[in-house]
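# Notes for the structure review
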Amino acid sequence: MSSSVPTRADVMSLPSYVPGRSVPGAIKLASNEVPEGPLPSVAEAIARAAGDVNRYPDMGAWALVDRLASDLGVPADQVAVGCGSVSLCQQFVQAVCEPGQEALFAWRSFEAYPIITRVANATPVTVPLDAGHRHDLDAMLAAITPATRLVFVCNPNNPTGTAVRRDQLTRFLDAVPDDVLVVLDEAYREFVTDPDVPDGLGFVRSHPNVAVLRTFSKAYGLAGLRVGYAVGPEEVIKAVRKVYVAFSVNSLAQTAALASLDAADELLARCSDIVRERGRVRDALVAAGYPVPETEANFVWLPLGERTTEFAEHALQHKVVVRPFAGEGARVTIGTPEQNDTFLEAARTFPARE
Ligand SMILES: *Cc1c(COP(=O)(O)O)cnc(C)c1O
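Now for a quick tour of the structure. (Residues numbered from 1 in each chain as written. Predicted model: local features only at pLDDT ≥ 70, side-chain atom pairs only at ≥ 80, totals over all residues. Heavy atoms only, no water.)

## Re the sheet that holds strand β11 (residues 323-325)
As summarised here, the arrangement of the 3 strands in space is β9-β12-β11, forming an open sheet in which the pairing is antiparallel. Only two strands of the sheet have a single partner each, and these edge strands are β9 (299-302) and β11. Neighbour-to-neighbour, the strand axes of this sheet turn through a mean angle of 20°, independent of strand direction. Sheet topology note: the β11/strand β12 (residues 329-333) ladder contains 3 bridges and is antiparallel. (Pairing = 2+ DSSP bridges. Helix = DSSP H or I, 4+ residues; strand = E, 2+ residues; numbered from the N terminus. Axes fitted to C-alpha atoms, helices over the stretch in contact; angles between N-to-C directions.)

Shown next, in the form of C-alpha cells:
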C-alpha cells in the first residue's frame, strides 16, 4: 500500500547511521565497545531496578545529575543527562541553532554529527582532517562564519583516535567568538594517557561558551543501556534540557550509571588493560607496514584508502568484524589480548598491494 503522506525531503535524503555489524561467531571490533560485560555489582543493581519498571523513570534523573555534579565539582545546573551522548549531540544543535544556522566539525569525525545536525534543521559544515588525520583547528577557525552557532571537537577523534593537545585547543578556544558554542565530545576521555591532552572540564570552567560531552557507553561498558551526560554553561544546559525527549534516559540506565560510578576504580582499571593492548596492537600494525596514527582512544585507524572494503572482508574471513569507511580506512576496536591477536593475524596476512 503506498502512502500519499509527504515526508521531509531533507530527512529522506539523509545517510543512515551505519552501526558496527554483529556477525554470529565472529569477534566484533566494530563499535568501540569494551570487551567485558558489566561488573557483578552493576549487574545486580540493574536486576534490582528491573523490579520497578512498571514505574516511569525519574524524569530529570536527579540522583544521577547530583552525583555527577558532586563528582565533577560543578553545580548541578551545569549538568544534563541524555539517552546516550549522541542524543545530547542532537539536543545541543536543537538548543542553539536556528533553522539553517551552521554546526561545524572536522571530517572525518563522529558519523552522527552530519545526521543529527540535519535532523535538527541546521546546516553541517565540515573541515577536512589534516594529513596526520588530526583536527585542523586553524582551518576550523577560518571556517567560522556569522551563521556558525556550534562547533564539535571530538577529542580523541572517532574514527582516527588522534587527539588535540592543550596549547592548540587553548589557542583555538581563545579565538572562537564568544557567541559560538564549542562542544568537546570526550566519549573516549577515560582512555587518554597523554597528559598534554586536556580534560575539557577545565575549559568549561574557563570559557563560558564551552561544553563537554561524556558517555557511559565506552569505558563504563553500558552501551546497551544508553546514557551519557553533558557539562556546560547553565543557560545552554537549560536549553538542552528543554529539548530532552521526556523520560528518554530509562530507569535501568540511571541505576546502572550510579552503580558504575560507585565501581569507577574497578572499571577504570580495565581501561589500563585496554590502553596496554592499544600500544601493543598499534606497534604490531606499524611493524607490519600500516601507517596507523597515534591513538588516545580504545581503537586504531588504518588509513587503507581504496583497499578498505577488501581489508574488512579479509578480516571477516578471519572471523573479525572491523568498521570500514569505504575509500578511507578501517577503525578497529581494541579487544581482549586474544581477540587482538586474531585481528593482528588477519592484518599480517592481508596481501600487500602489488
Ligand atoms: C560512541 C560515541 C558517542 C556516544 O555514544 P552514546 O552511546 O550515544 O553515549 C559520542 N561521541 C562519539 C565521538 C562516540 O564515538
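Here the narrative resumes, following the displayed structure.
## Brief notes about the layout of surface pockets
Vacant regions in the atomic arrangement are exposed by a probe of water-molecule size rolled over the atoms. Each pocket or cavity is described by its volume, and for the largest pocket that value is around 510 Å³. Lining the largest pocket are 29 residues, with Tyr 17, Ser 31, Phe 110, Tyr 188 and Lys 218 sitting closest to its centre. When residues in the lining of the largest pocket are grouped by element, the largest group, 3 residues, is from helix α4 (residues 85-96). Class assignment for the residues of the lining of the largest pocket results in 13 nonpolar, 8 polar and 8 charged. Structurally, the lining of the largest pocket is a two-domain feature, drawing no fewer than three residues from each of domain 1 (9-37 + 265-348) and domain 2 (40-262). (1 Å grid on protein atoms, 1.4 Å probe; cavity = no way out; pocket = protein on both sides within 12 Å on 5 of 7 lines; lining within 4 Å. Points joined across faces, edges and corners; volume = space filled by probe spheres on them. Nonpolar A, V, L, I, M, F, W, Y, C, P; charged D, E, K, R; others polar. Domains from an automatic or database assignment.)

## What about the environment of Val 212?
With respect to the helices, strands and loops of the structure, Val 212 is situated in strand β7 (residues 210-215). Considering only alpha carbons, one finds Val 212 and Glu 294, 82 residues apart in sequence, at a separation of 23 Å. Residues in contact with Val 212, not counting those within four places in the same chain, are Leu 184, Glu 186, Gly 200, Leu 201, Val 204, Tyr 229, Ala 230 and Val 231. (Contact = heavy atoms within 4.5 Å.)

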